[in-house]
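Chain by chain, the residues run as shown.
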Amino acid sequence: MRTCGEDEEEQWRSNGQTQVYEDPQPQSGGETERSVMPFRSSALRVLIFLSITFITVSESANPSVMVKFNETATLSCSERCSGLVRWTVFTKPTDVLAECDQTSCRSVKEGYQMIHDQYLKGDLSLTISNADFSKRNWYTSNCDGKDLCDVTLKIEPLNTKVQKKPGESLFLDLDIPEEVEMIYNSTDAAGPSSGQICTVVGRSLQCKPDYKQRTSITSTFVLRGATPSDSGVYTIRDKRNEEAVHSYTVIVEGGEGSEAQDQVQIHKSSRSRRSAPSEDQPCLCGDQGAAVPVWVYPVLVLMGGVCAVLVVVNMRQRKELQSRASRFSEAF
């Protein structure tokens, strides 16, 4: 008697096919879920990486406009559109900045403007007033939802010269809330090596060992106890966009700064309190009488005159009272 399996095997052979058949082992729901989760996690990471790469590459490929800090920027766009033109930030397509149609133009957000006469001539440019670091971005315009122009706005790095005395603290504005790195280039042959010394993310500060004990973050980046070897160029660099934001040329030279002098003064004061006379108290010695201000003498004379007048008036009032009292007693 032939079994069902033997019949199937004979049928496969008759068809000239060779097959390997394995009975799959059933998997539990937990094992299946565990096998799928790593795939989902990996796919999500790849998607995020590709999105960031796409935005970065696309933004770098766009025409760019660079202006000085707080100056007016014009993002050019020469196209024809008989409908509604809107400018937005690329990553916020529903957040309209300015718009124009055949009737008029409107500044939806303060600081962004389109000009109607230019719109009618095919100039769809966007004007941005007081362009600061918060307005660095990738801007895009569209006509009735159809993309027209893409322009990237950049701000020229600020340059500031700072002069400090040894012992003083160095305060450097970071200018932007995004993650930045501090790049140091020494101008002193005996100074520390050049390169990245710190990174700042929000209120978090990560520095090289040589700077950990000397740096902190308040509203600014603080480097305490400056020395001549700290002279050099400190560059605040936007880490994501790989752009310099602010460069500080720092020179540390001269005598001790105010902070060092404060320490010396404190030391002198504590030492003087253990001796007499104290340097913090006025000396009442006879040879220092000239230290009294000149205006004190007229004031003392005036006060003496007022007191004399008051005494005379008081004596007259007492005599008058006594006289009245004696007349009253004689009457009775």
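Residues numbered from 1 in each chain as written. Predicted model: local features only at pLDDT ≥ 70, side-chain atom pairs only at ≥ 80, totals over all residues. Heavy atoms only, no water.

Peer 1: I tried to follow the overall build of the protein on my own but got confused; where do I start?
Peer 2: The number of helices and strands found in the protein is 6 helices and 18 strands. By sequence separation, contacts in the protein at least 24 residues apart represent 56% of the contacts at least 6 residues apart. (Helix = DSSP H or I, 4+ residues; strand = E, 2+ residues; numbered from the N terminus. Contact = heavy atoms within 4.5 Å.)

Peer 1: Can you walk me through the state of the cysteines in this structure?
Peer 2: Cysteine pairs can be linked by a disulfide, which is a covalent bond between their two sulfur atoms. Applying the stated criterion across every chain, the model contains 4 disulfides. Across the disulfide from C77 sits C149; the S-S distance is 2.0 Å. On the sign convention where negative means left-handed, the S-S torsion of about 75° between C77 and C149 marks this disulfide as right-handed. In this pair, C77 sits in the loop between β2 (71-75) and β3 (85-89) while C149 sits in strand β9 (residues 146-155), placing the two residues 72 residues apart along the sequence. A residue is classified by how much of its surface remains accessible, and C77, at 1% relative accessible area, is buried. (Disulfide = S-S within 2.5 Å. Buried < 20%, exposed > 50% of the residue type's maximum accessible area, 1.4 Å probe, protein only.)

Peer 1: Help me understand the sheet that holds strand β8 (residues 137-143), please; the structure alone is not making it clear to me.
Peer 2: Strand pairing in a sheet relies on backbone hydrogen bonds. The paired strands run either parallel or antiparallel. The sheet built from 6 strands is open, its strands ordered β1-β9-β8-β3-β4-β5 with mixed pairing. Strands at the two margins of the open sheet, each flanked by one partner only, are β1 (64-67) and β5 (105-107). Ignoring strand direction, the axes of neighbouring strands in this sheet form an average angle of 35°. As judged from the 4 bridges shared by β1 and β9, these two strands associate in the parallel manner. (Pairing = 2+ DSSP bridges. Axes fitted to C-alpha atoms, helices over the stretch in contact; angles between N-to-C directions.)

Peer 1: In this structure, what is going on with the environment of I236? I would like to understand it.
Peer 2: Tracing the sequence through the fold places I236 in strand β17 (residues 232-238). On the accessibility criterion, I236 (0% relative accessible area) is buried. Taking C-alpha positions, I236 is 9.8 Å from V200, a pair spaced 36 residues apart along the chain.

Peer 1: What is the right way to look at the sheet that holds strand β7 (residues 126-131) in this model?
Peer 2: Taken together, the 3 strands give an open sheet; going across it, the order is β2-β7-β6, and neighbouring strands pair in antiparallel fashion. Each having just a single partner strand, β2 and β6 (112-113) make up the two edges of the open sheet.

Peer 1: For this particular structure, what's the right way to read the packing of aromatic side chains?
Peer 2: Centre distance and the angle of the planes are the two values used to describe a pair of aromatic rings. Applying the stated criterion to the full structure yields 4 aromatic pairs. Where F90 meets W138, the ring centres are 3.7 Å apart and the plane angle is 0°; that geometry is what we call stacked. Placement of F90 in the loop between β3 and β4 (92-100) and of W138 in strand β8 is noted, with a sequence separation of 48 residues between them. An angle of 45° between the planes, with centres 6.3 Å apart, marks the rings of Y112 and Y139 as tilted. Remark: Y139 occurs in strand β8 and Y112 occurs in strand β6; sequence separation between them is 27 residues. Accessibility assignment for this pair places Y112 and Y139 in one class, buried. Of note, K135 hangs over the ring of Y112, and the distance from its end group to the ring centre comes to 5.5 Å. (Phe/Tyr/Trp six-rings, centres within 6.5 Å; stacked < 30°, edge-to-face > 60°. Lys NZ or Arg CZ within 6 Å of the ring centre and 35° of its normal.)

Peer 1: What should I look at first to understand the pairing of strand β14 (residues 204-207) in this one?
Peer 2: Regular strands place their side chains on alternate faces of the sheet. Note: strand β13 (residues 195-201) against β14, 4 bridges, orientation antiparallel. In the strand pairing of β14, V200 is matched with L205. From the end of β13 to the start of β14, which pair antiparallel, there are 2 residues, and G202 there has a positive phi angle of about 65°.

Peer 1: I keep staring at the side chain of K164 and nothing clicks. Help me out?
Peer 2: Among the structural elements, K164 can be located in strand β10 (residues 158-164). In this structure, K164 is buried with no salt-bridge partner, the nearest side chain bearing the opposite charge being E168 at 4.3 Å. In this structure the side chain of K164 is engaged in a polar contact, spanning 3.3 Å, whose partner is the backbone oxygen of S169. Excluding residues within four positions of it along the chain, K164 makes contact with S169, L170, I251, V252 and E253. (Lys, Arg positive; Asp, Glu negative; His and termini not counted. Salt bridge = Lys/Arg side-chain N within 4 Å of Asp/Glu carboxyl O. Polar contact = N/O pair within 3.5 Å; in protein donor to acceptor, adjacent residues only side chain to side chain.)

Peer 1: Just checking my understanding: could you explain unusual backbone geometry for this structure?
Peer 2: When glycine is set aside, most residues are seen to have a negative phi, and most peptide bonds are trans. The phi dihedral of D175 falls on the positive side, at around 75°, and the residue is not glycine. Within the fold, D175 resides in the loop between β11 (170-172) and β12 (180-186). On the basis of relative accessible area, D175 is assigned to the partly exposed category, the value being 35%. With a phi angle near 55°, E242 is a residue other than glycine that sits in the positive phi range.

Peer 1: Explanation requested: the side chain of S125 in the structure shown.
Peer 2: Relative to the helices and strands, S125 resides in the loop between α3 (116-120) and β7. Side-chain polar atoms of S125 contact the side chain of D123, separated by 2.5 Å. Sequence-distant contacts of S125, defined by excluding residues within four places in its chain, comprise T74, L75, S76, C77, W87, Q113 and M114.

Coordinates in, geometry out; function isn't part of it.
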